[in-house]
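Breakdown of the fold
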There are 2 protein chains.
Amino acid sequence: MKKLINAPENVLYESLDGFAAAHEDTITLAAGHKFIRRKTLTPGKVALISGGGAGHEPLHAGFVGRGMLDAACPGQIFTSPTPDQIAEAIKDVDTGAGSLLIVKNYEGDVMNFEMAAELADGQVMTVLVDDDVAVAKSTYSIGRRGVAGTLVVEKLVGAAAEEGRTLEELHALGQAVNSRTRSMGVALGSCTVPAAGSPTFTLADDEMEMGVGIHGEPGRRRVKLRSADAVAAELVESIIEDLRPSNGRGCLLFVNGFGGTPLVELYLMVNAAKRILCGHGISVTRFLTGSYVTSLEMAGCSITLTELDTEFTRLWDAPVRTAALNWS
Amino acid sequence: MKKLINAPENVLYESLDGFAAAHEDTITLAAGHKFIRRKTLTPGKVALISGGGAGHEPLHAGFVGRGMLDAACPGQIFTSPTPDQIAEAIKDVDTGAGSLLIVKNYEGDVMNFEMAAELADGQVMTVLVDDDVAVAKSTYSIGRRGVAGTLVVEKLVGAAAEEGRTLEELHALGQAVNSRTRSMGVALGSCTVPAAGSPTFTLADDEMEMGVGIHGEPGRRRVKLRSADAVAAELVESIIEDLRPSNGRGCLLFVNGFGGTPLVELYLMVNAAKRILCGHGISVTRFLTGSYVTSLEMAGCSITLTELDTEFTRLWDAPVRTAALNWS
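Summarised in this report is the structure supplied together with it. (Residues numbered from 1 in each chain as written. Chains lettered and ligands numbered in written order. Predicted model: local features only at pLDDT ≥ 70, side-chain atom pairs only at ≥ 80, totals over all residues. Heavy atoms only, no water.)

1. A few points about the overall build of chain A
The test is simple: We count a stretch as a helix when DSSP gives it H or I for four or more residues in a row; a strand needs E for two or more, and each element gets its number in order from the N terminus. Computation of the radius of gyration draws on C-alpha atoms alone. For the globule rule, the value is 2.2 Å times the number of residues to the power 0.38. Exposure is judged per residue with a 1.4 Å probe applied to protein chains only, and the accessible area is read against the type maximum: over 50% gives exposed, under 20% gives buried, and values in between give partly exposed. In what follows, residue pairs with any heavy atoms lying within 4.5 Å of each other are defined as contacts. Computed by Shrake-Rupley with a 1.4 Å probe, the accessible areas treat only the displayed protein chains as cover when residues are assessed. For the purpose of charge, His is not counted, nor are the chain termini; Lys and Arg are scored as positive and Asp and Glu as negative. A single reference atom marks each charge: NZ on Lys, CZ on Arg, CG on Asp, CD on Glu.
Helix and strand content of chain A: eight helices and 14 strands. For chain A, whose C-alpha radius of gyration is 19 Å, the value lies close to the compact-globule estimate of 20 Å for 328 residues. With respect to the three principal axes, the spread of C-alpha positions in chain A is 50 × 50 × 35 Å. Within chain A, the proportion of its 328 residues that are buried is 63%. For chain A, the proportion of contacts with a sequence separation of at least 24, taken over those separated by at least 6, is 74%. Accessible area of chain A: about 11100 Å², with a carbon and sulfur share of 50%. For chain A, the separation between the mean place of its 29 positive charges and that of its 40 negative charges on side chains is 5 Å.

2. As for the packing of aromatic side chains
Aromatic ring pairs: the centre-centre distance and the angle between the two ring planes describe each pair. Here is the rule we go by: Here a pair means two rings of Phe, Tyr or Trp (six-membered ring of Trp) with centres within 6.5 Å. Their orientation is stacked below 30 degrees between planes, edge-to-face above 60, and tilted elsewhere.
Taken as a whole, this structure holds six aromatic pairs over all chains when the rule is applied. With a centroid separation of 5.0 Å and an interplanar angle of 75°, the aromatic rings of Phe-19 of chain A and Tyr-267 of chain B are classed as edge-to-face. Remark: Tyr-267 of chain B occurs in helix α7 (residues 263-279) and Phe-19 of chain A occurs in helix α1 (residues 11-22); the pair is interchain, linking two chains. Neither Phe-19 of chain A nor Tyr-267 of chain B differs from the other in exposure class; each is buried. Aromatic side chains Trp-316 of chain A and Trp-327 of chain A sit 5.4 Å apart centroid to centroid with 55° between the ring planes, which places their arrangement in the tilted category.

3. So, empty space enclosed by the protein
As a reminder of what qualifies: Put simply, the grid is 1 Å and covers the protein atoms alone, a cavity is a trapped set of points that fit a 1.4 Å probe, a pocket is an open set with protein on both sides within 12 Å along at least five of seven lines, and lining residues have an atom within 4 Å of a point. Grid points are joined across faces, edges and corners, and a volume is the space filled by probe spheres set on the points. Residue type decides the class: Asp, Glu, Lys and Arg count as charged, Ala, Val, Leu, Ile, Met, Phe, Trp, Tyr, Cys and Pro as nonpolar, and the leftover types, Gly among them, as polar.
One pass over the full model with this rule turns up three cavities of 30 Å³ or more. In this structure, the largest cavity spans a volume of roughly 160 Å³. What lines the largest cavity is a set of 19 residues, and nearest its centre among them are Leu-16, Glu-57, Leu-59, Ala-61 and Pro-74 of chain B. Residue assignment for the lining of the largest cavity shows that the elements contributing at least two residues are α7 (263-279) of chain A together with α1 (11-22), β3 (47-54) and β4 (71-77) of chain B. Within the lining of the largest cavity, the residues separate by chemical class into twelve nonpolar, six polar and one charged.

4. So, the pairing of strand β3 (residues 47-54) of chain A
All names here are of chain A. Heads up, the rule is: Two strands are said to pair when DSSP picks up at least two bridges between them.
In terms of burial, β3 is largely enclosed, as eight of its eight residues are buried. Bridge analysis of β3 against strand β5 (residues 99-104) gives four bridges, and the strand direction is parallel. Of the residues in β5, the one forming a bridge with Ile-49 is Leu-101. Taken together, the six bridges between β3 and strand β4 (residues 71-77) define a ladder with parallel strand orientation. In the strand pairing of β4, Ile-49 is matched with Ala-71.

5. Description of the environment of Ser-227 of chain A
With respect to the helices, strands and loops of the structure, Ser-227 of chain A is situated in the loop between β9 (221-224) and α6 (228-243). Among the residues examined, Ser-227 of chain A registers a relative accessible area of 28% and is labelled partly exposed. In the structure, Ser-227 of chain A is positioned 114 residues away from Phe-113 of chain A in sequence and 40 Å away in space, judged by C-alpha atoms. The contact partners of Ser-227 of chain A, leaving out residues within four places of it in the chain, are Ile-5 and Asn-6 of chain B.

6. Focus on the sheet that holds strand β7 (residues 181-189) of chain A
Residue and element names in this part refer to chain A. Applicable threshold: As a rule, the C-alpha atoms of each element are fitted with a line to give its axis, helices using only the stretch in contact, and angles between N-to-C directions run from 0 to 180 degrees.
Within the open sheet, the six strands sit side by side as β9-β8-β7-β12-β10-β11. Their pairing is mixed. Edge positions in the sheet fall to β9 and β11 (284-290), since each has one partner strand and no second. Taking the axes of each pair of neighbouring strands and ignoring which way they run, one obtains an average angle of 20° across the sheet.

Encoded structure:
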């Protein structure tokens, strides 16, 4: 295993310490490395809390800040955070307007966020994200997996929370965003979890995993190496078939790198995906390109589409100030 | 070779088309894929132009926009842009106040930017960036190589250019920033140039290349796999020994991923580097962490230190609006 680490058991905490130092103007790290939270909370605003296993950085800690999350609870790599961590985060950032939990659909996450919600004093609601069209159920999930679309839910709901919407309104919005968002990914190579020390899966030199999950879970099928255009076509067609976007409505195209794929390839995929979408009469009105929802150093990418209306577009464009997404 | 591409010879152009589509609100792509430029120029402002071989994305195209570059000329992967490309960019973005070329110190780049400057009608000056302390000369360079410190030069000079400074002032500033900036990198694995089809170099499973260049050029020495702390110590000590920062002055710590190393490791390196700097009485007052000056999917990272004074800090903090760096 070749990694810039000291000891496998310390990777998460040392990385969080570095993250907290680098972004101390906007976030703070809670005692015991339990969660990352905004330095300054807005009293009366609904608190948005997410989290999940580490290894997907910048998700979720990189999305804590004005316009997105109030707190993020990192579990060990590819491991759910504990109910205790999440409960402490809720207690810390709920200023009285309640908490909305944004949870990717994995059994461990769902269970632990649920237990934390039961421990909370204030009102708590949960949005479950399950945007991955690749498979109907998977290694760690009952039903579809939550993948890169989680970023879109966190961004749009985060912007709406800044406007002072109620917990119920934000819950409904989160569900609406999830219902208009679909993703699918492809892996060209595996990643290695430090504590495991060997690759999560193996692919032959001429193979790709179509529909891979963000923990290296199996996808739909293993195929022979193919062109970027062919890959983009399969991902986009699978998404469209499932999303069935309305005619003439614009969409957000989010090409997400898994960690080991360079930007030059991701932008090439943007070009390919845009052309295929155009061919279906779907216009791309917003773009996001980069490695935002990763699987350590896995090679490959995912495509996420969110069907935009005027409100979704406005919320996407709203100012955001986090470590990983920053615009005004 | 496993990549999300169609044909090796089209990688750059298809990627630039995707980049131009994704960022059409702020930049435009010139005919013939010759350069990326700001959509809107500021008349009377000195034009900042950079460029170099592709494969280092987001450098340089990702740094075109308000507060940084006016234009970036991409060569083929790891290949200098032609004098013709650069000359056309100068002609296009010089609004009368002259052009400052920011050039990484590689023979091909130096020669082609020089030829372009000779073709230009307006006044042209050049800042050469040579921040890499690893080796005194290298495969493609006479003297030190220009690496991730280029981002710092482009950011600080870019901010100063927005203030209306003259070409001579910006030239002097660029040289001052370069003289207060040092970098050194480490590779854990190679990258593959699409046109070559096989890895640029090979490292055994238990080896690292200390002082590697951003095209996979040899560094100081090949060592056995070691801890992140030991790697950070060697990089930071080499930089400090050369930079000899003044006592009590703050610095910018820029931990740069080469493309194949995940953020969780980069932040762990931030933590390690900061602790070592603290031990030398050097306080880190600004941070940048991410894969900004890459070598395709090469695994590894570089550390860059810039000694900051009040002016440098103010210019670093100044608003920037580009595809890859964006703050206000």
